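# An overview of the molecular structure
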Amino acid sequence: MTLVAGVDSSTQSCKIVIKDAATGALVRQGRASHPDGTEVDPQFWWDALLSAIDDAGGLADVAAISIGGQQHGMVALDVDGRVIRPALLWNDTRSAQAALDLIEELGAEELAIRTGSVPVASFTSTKLRWLRDAEPENAARVAAVALPHDWLTWRLRGYGPADESSLGPVLEELTTDRSDASGTGYWSPASGEYDTAILVRALGHSAILPRVLGPAESAGTTPGGLVVGVGAGDNAGAALGLGAMPGDVVVSIGTSGTVFAVTPEPVADVTGTVAGFADASGVSLPLVATLNAARVLRSTAELLGVDNDEFSRLALEAAPGADGLVLVPYFEGERTPNLPNATASLHGMTIASTSRENLARAAIEGMLCGLAAGLDAVRAVGVRETRLLLVGGAAQNPAIQAIAAQVFDAPVVVPRPGEYVADGAAVQAAWALTGSRPSWPIDIVAEPAPDLRPVIRAQYARYTTS
Ligand SMILES: Nc1ncnc2c1ncn2[C@@H]1O[C@H](COP(=O)(O)OP(=O)(O)O)[C@@H](O)[C@H]1O
Ligand SMILES: O=C(CO)[C@@H](O)[C@H](O)COP(=O)(O)O
């Protein structure tokens, strides 16, 4: 049996799946945690990757590996291949003003045309502008800029600072793929080229950028000879792992909440609501992301002093609409709508509505209403769905499945709980190894009956602008 490995280096953890390249059957898996926070020293990701590989029983019998990862994170490298400062992650909002500055200087429409997206604080370009403004000495030292999956792929291939790696700091050997390049804010999904004028405007000078490889390409090999796939941004990885087809809209509830689809044509939404990303198969991935998803549920469950199962049970005890209790869940600011400095708020509190059951339900309803607005936005750029695939760590929660069927006006299906980003990376590993894209089956384990309750979105809309 030929084995391939796929990695998801996500916000909260690193996960690895080892699969049979012929059938996609899961053979073994491993994981390791990442530290909390919105800036992280990339060394933690490397250490977590090594621990996850160890946890999965090692790679001695594996022929190829590929790495999916959280998008956008700014890994700034100096000329010696050293990380200059902790990476700013996609959910770090300190570059909100830098995003506004870039939009004012270049124009929202111009940026949408040139890069497929109007940047918000998540995008790498805005983080580089923040670095130039807030830490000019660090900005001046930047010789190369990579994303989390680019940097891990480079390290895996044996590159890095001279004293930590076998092949040394060869910055020209950095690679990326179309999906992650499209989240930088200085790459065009339409032309397939970097827009170095935007990079220079953001950072203040040019820098080496990872070579953008096509979906079937290999980034090279590890020093031990494993084929290394091109890798992907995590959402594009999940689309590949799910084998998403036209008609499928994926709703992912992890640290981020995302709504996305694979489409044949690139998208350029000048309103900035939909990011016009590239996918990992050679076409496009229009996507809406929110900052407040699974962690909203965790915070609320902790406040209630319950675990995920009890939280789910409580939420299902309450009636749709939670007797008027509405949680607007902007705990970490928000990206869509673009409110980086917002905080969460609870509305509609009365003696009757203020119960543990209603609070649990209001947290789920509020989080899902943000994603329902995301579905409206991807429809507005032409996406047509026949079903919604609910994935991510929180998708296995029974209350979320049931309430999703009450919030979304489209059929919801739940694939078997799994690591779909890592699965997509394993698809890439097999693709790079064999030269053809494998087609592995996925199982649907739940199809909650459509049960639309318009009251949920109607009362949420009273307290929000979108
Ligand atoms: N049954 C559940 N109910 C609610 N949330 C859950 C459940 N299981 C896992 N989660 C949450 O899912 C998140 C992890 O999901 P994942 O998709 O792996 O996130 P990420 O890719 O952002 O690291 C955690 O915040 C965890 O608390
Ligand atoms: O910023 C985005 C997409 O644009 C996020 O989807 C990140 O890619 C993080 O993903 P998770 O770690 O939450 O899955």
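If you look the chain up in an unreviewed UniProt entry, it shows as Xylulose kinase from Compostimonas suwonensis. In the Catalytic activity (unreviewed entry) part of its UniProt record, the chain is described as follows: "D-xylulose + ATP = D-xylulose 5-phosphate + ADP + H(+)". In its Function (unreviewed entry) section, the UniProt record describing the chain reads: "Catalyzes the phosphorylation of D-xylulose to D-xylulose 5-phosphate."

As for its position among the elements, V427 is in helix α14 (residues 420-434). In this structure, the C-alpha to C-alpha distance between V427 and S284, residues 143 residues apart in sequence, is 18 Å. Not counting chain neighbours up to four residues away, the residues in contact with V427 comprise L240, R437, P438 and W440.

When the UniProt feature table is mapped onto this chain, "domain: Carbohydrate kinase FGGY N-terminal" (unreviewed entry) is found at residues 4-231. A helix fraction of 31% and a strand fraction of 23% characterise residues 4-231, whose end C-alpha atoms lie 13 Å from each other.

A few words now on the sheet that holds strand β17 (residues 284-290). Within a sheet, neighbouring strands are paired by backbone hydrogen bonds and run either parallel or antiparallel to one another. Judged by pairing direction, the sheet is mixed, and its seven strands sit side by side in the order β16-β17-β15-β14-β20-β21-β22 without closing on themselves. Each edge of the open sheet carries a strand with a single partner, namely β16 (275-278) and β22 (444-446). Mean inter-strand twist for the sheet, computed between neighbouring axes without regard to direction, equals 35°.

Inspection of the region around ligand 1 gives 13 residues, with S10, K15, T255, G393 and N397 positioned closest. Residue Q12 places a side-chain N or O atom 3.0 Å away from an oxygen atom belonging to ligand 1. A distance of 2.4 Å is found between an oxygen atom of ligand 1 and a side-chain nitrogen or oxygen belonging to T255. Contact with the protein chains covers 79% of the free accessible surface of ligand 1, which is 580 Å². A breakdown of the residues in the shell around ligand 1 according to their chemical character gives two nonpolar, nine polar and two charged. Built from parts of two domains, the shell around ligand 1 gets at least three residues from each of domain 1 (3-230) and domain 2 (243-465).

Our focus in this paragraph is the side chain of R157. For R157, the position within the fold is in the loop between α6 (148-156) and β9 (175-177). Classification of R157 by relative accessible area gives buried; the value is 6%. Non-local contacts of R157, meaning those with residues more than four positions away in its chain, are made with L167, E173, T175, A219, G220, T221, T222, P223 and V228.

Within the UniProt annotation, "binding site: substrate" (unreviewed entry) is assigned to Q71 and H72. Among the secondary structure elements, Q71 is positioned in the loop between β5 (62-69) and β6 (75-77). With relative accessibility at 5%, the residue Q71 sits in the buried group. In this structure Q71 touches W90, S179, D180, G183, G233, D234, N235, F277 and L287, once residues within four positions along its chain are discounted. Tracing the backbone through its elements, the reader meets H72 in the loop between β5 and β6. Relative accessible area serves as the criterion here: at 2%, H72 is assigned to the buried category.

Let's shift gears to the environment of V306. In this structure, V306 sits in the loop between α10 (294-304) and α11 (308-317). The class of V306 is buried, set by a relative accessible area of 10%. For V306 and T115, which are 191 residues apart along the polypeptide, the C-alpha to C-alpha distance reads 44 Å. Residues in contact with V306, not counting those within four places in the same chain, are R298, A301, F311, L314 and R356.

Turning to the domain arrangement of the chain, a few remarks are in order. When its domains are assigned, the chain resolves into domain 1 (3-230) and domain 2 (243-465). For domain 1 and domain 2, the distance between their C-alpha centres works out to 25 Å. Contacts between the two partners involve 53 residues from domain 1, matched on the other side by 38 residues from domain 2. Interface of domain 1 and domain 2: buried area, both sides summed, is about 3500 Å²; carbon and sulfur atoms make up 63% of it. Of all residues in domain 1, the largest losses of buried area upon contact with domain 2 belong to W90, R178 and P215, amounting jointly to 14% of the total for that side. Scanning the region where domain 1 abuts domain 2 turns up five salt bridges. Across the contact surface, domain 1 and domain 2 share ten residue pairs in polar contact (both at pLDDT 80 or more). Elements represented by at least two residues in the side of domain 1 that touches domain 2 include exactly β1 (3-9), β2 (13-20), β3 (26-33), β5, α3 (108-115), α7 (178-181) and β12 (227-229).

Counted under the stated rule, the structure contains 33 salt bridges. Here K19 ties to D423 by a salt bridge, and the two come within 3.4 Å at their closest N and O atoms. You can see K19 sitting in strand β2 and its partner D423 sitting in helix α14, a full 404 residues away along the chain. Through salt bridges with shared partners, a single ionic network connects E39, R85, D92, R94 and E135.

This brings us to the nonpolar core. I253, F311, I364, L368, L390 and F408 are the most contacted members of the largest nonpolar core, which totals 53 residues. At 13 residues, helix α12 (residues 356-380) tops the list of elements feeding residues into this core. Among the nonpolar cores identified, the runner-up in size contains 40 residues, and A32, I67, A143 and A146 belong to it.

The environment of ligand 2 is formed by 14 residues, the closest being T11, H72, D234, S256 and R335. Note that an oxygen atom of ligand 2 is positioned 2.6 Å from one of the side-chain N or O atoms of D234. T255 is positioned with one of its backbone polar atoms (N or O) 3.5 Å from an oxygen atom of ligand 2. For ligand 2, the accessible surface in isolation is 380 Å², of which the surrounding protein chains cover 94%. Here the shell around ligand 2 is built from residues that sort into three nonpolar, nine polar and two charged. Counting the residues that make up the shell around ligand 2, at least three belong to each of domain 1 (3-230) and domain 2 (243-465).

Rules behind the numbers
Residues numbered from 1 in each chain as written. Chains lettered and ligands numbered in written order. Predicted model: local features only at pLDDT ≥ 70, side-chain atom pairs only at ≥ 80, totals over all residues. Heavy atoms only, no water. UniProt positions renumbered as here; feature names shortened; annotations may be inferred. Helix = DSSP H or I, 4+ residues; strand = E, 2+ residues; numbered from the N terminus. Contact = heavy atoms within 4.5 Å. Pairing = 2+ DSSP bridges. Axes fitted to C-alpha atoms, helices over the stretch in contact; angles between N-to-C directions. Near = heavy atom within 4 Å. Polar contact = N/O pair within 3.5 Å; in protein donor to acceptor, adjacent residues only side chain to side chain. Areas by Shrake-Rupley, 256 points an atom, 1.4 Å probe, with all protein chains shown as cover. Nonpolar A, V, L, I, M, F, W, Y, C, P; charged D, E, K, R; others polar. Domains from an automatic or database assignment. Buried < 20%, exposed > 50% of the residue type's maximum accessible area, 1.4 Å probe, protein only. Buried area = accessible area lost by both parts, 1.4 Å probe. Salt bridge = Lys/Arg side-chain N within 4 Å of Asp/Glu carboxyl O. Core = buried A, V, L, I, M, F, W, Y, C linked by side-chain atoms within 4.5 Å.

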